[in-house]
Amino acid sequence: MNVSRLWRLGLTGGIGSGKSTVAGMLAARGAAVMDADAISRSVTAPGGLAIAPITKAFGATMIGADGAMDRQAMRERIFKDPDAKRQLEAIIHPLVSQITAEQVQAALHSGSRCLVFDVPLLVESGDRWRRQVDQVLVVDCDTDTQRQRVMARSGLALDEIDRIIALQARREQRLACADVVIFNQSLSLIELEVQVTQVAADFGL
């Protein structure tokens with residue numbers, strides 16, 4: 001690969017895959033990471049740009065006492081009503097795109113040569129993200145491993161985790177979209193870092 005060029009790398013993986021850990025390792029090597037999930041949380045936090053339109057579309061019951069979107073209540077609403085998912089995305093996605101574009105410009109201004117777009121739902125978004133990146137890196141593991149990791153870190157019940165997994169792309173769909181795969185099934189952090197280092201070198205990091 002041409003490591004001297006500007007690279008736009010799409011990073012994705014199912015919940016519990018270790019995608020965020022990989023993003024952190026790439027950032028430590030000098031990549032500018034645009035975290036779509038973090039941006040999404042920021043716009044649904046108290047005072048966030050999405051709070052007013054969410055309240056208008058779904059009612060005040062979707063807003064918690066702290067002024068943030070009630071993520072649990074919204075997950076339950078979306079699980080029962082697919083139209084609610086599309087309605088929420090129509091509010092959040094344009095805001096995420098706007099803030100991401102601002103972060104990209106700041107990264108380019110600072111001289112970054114590798115932009116990493118950390119997008120949990122990259123595959124689910126169809127061509128919207130695929131058109132914006134040069135390569136897609138998928139962090140992969142099997143579903144049982146996802147369940148075990150999420151239960152260990154979050155304490156969510158198994159049925160709740162399975163509901164989240166069901167809302168994401170299937171493992172096969174993510175792998176079909178991948179240009180590069182890191183198989184993070186039973187790797188130690190050190191072993192994962194070795195793999196990330198190898199991948200990062202191809203993108204000028």
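Residues numbered from 1 in each chain as written. Predicted model: local features only at pLDDT ≥ 70, side-chain atom pairs only at ≥ 80, totals over all residues. Heavy atoms only, no water.

Can you tell me about the overall build of the protein chain, naming the residues and giving the values?
When its secondary structure is counted, the protein chain shows ten helices and five strands. Taken over the C-alpha trace, the protein chain has a radius of gyration of 17 Å; the compact-globule value for 205 residues is 17 Å, and the two agree within 12%. Overall, the C-alpha framework of the protein chain stretches about 50 × 40 × 30 Å when taken along its three principal axes. Per-residue burial for the protein chain yields a buried fraction of 41% across its 205 residues. Restricting the contact set of the protein chain to residue pairs at least 6 apart, pairs at least 24 apart contribute 72%. Of the roughly 10300 Å² of accessible surface on the protein chain, 54% is carried by carbon and sulfur atoms. When the 23 basic and 24 acidic side-chain charges of the protein chain are each reduced to a single mean position, those positions are 3 Å apart. (Helix = DSSP H or I, 4+ residues; strand = E, 2+ residues; numbered from the N terminus. Rg over C-alpha atoms; globule rule 2.2 N^0.38 Å. Buried < 20%, exposed > 50% of the residue type's maximum accessible area, 1.4 Å probe, protein only. Contact = heavy atoms within 4.5 Å. Areas by Shrake-Rupley, 256 points an atom, 1.4 Å probe, with all protein chains shown as cover. Lys, Arg positive; Asp, Glu negative; His and termini not counted. Charge placed at Lys NZ, Arg CZ, Asp CG, Glu CD.)

Got a sec to walk through the state of the cysteines? Specific residues and values, please.
Tallied over the full model, the rule gives zero disulfides. Cysteine 141 takes part in no disulfide bond, and the closest cysteine sulfur to it belongs to cysteine 177, at a distance of 17 Å. For cysteine 177, a relative accessible area of 29% translates into the label partly exposed. (Disulfide = S-S within 2.5 Å.)

Now, about the packing of aromatic side chains: what can you tell me, with residues and values included?
This model, assessed by the stated rule, comprises two aromatic pairs. Ring geometry for tryptophan 7 against phenylalanine 203: centres 5.1 Å apart, planes inclined by 90 degrees, an arrangement best described as edge-to-face. Placement of tryptophan 7 in strand 1 (residues 7-12) and of phenylalanine 203 in the segment after helix 10 (189-201) is noted, with a sequence separation of 196 residues between them. Since its relative accessible area comes to 2%, phenylalanine 203 is described here as buried. Relative to tryptophan 129, the ring of phenylalanine 117 lies with its centre 5.6 Å away and its plane at 50 degrees, an arrangement referred to as tilted. Taken as a pair, phenylalanine 117 in strand 3 (residues 114-118) and tryptophan 129 in helix 6 (residues 127-130) lie far apart in primary sequence, twelve residues in all. The two residues phenylalanine 117 and tryptophan 129 agree in class, both being buried. We note arginine 5 situated over the ring of tryptophan 7; from NZ or CZ to the ring centre the distance is 4.0 Å. Lying across the ring of phenylalanine 79, arginine 163 places its NZ or CZ 4.5 Å from the centre. (Phe/Tyr/Trp six-rings, centres within 6.5 Å; stacked < 30°, edge-to-face > 60°. Lys NZ or Arg CZ within 6 Å of the ring centre and 35° of its normal.)

On their own, these measurements won't tell you what the molecule is for.
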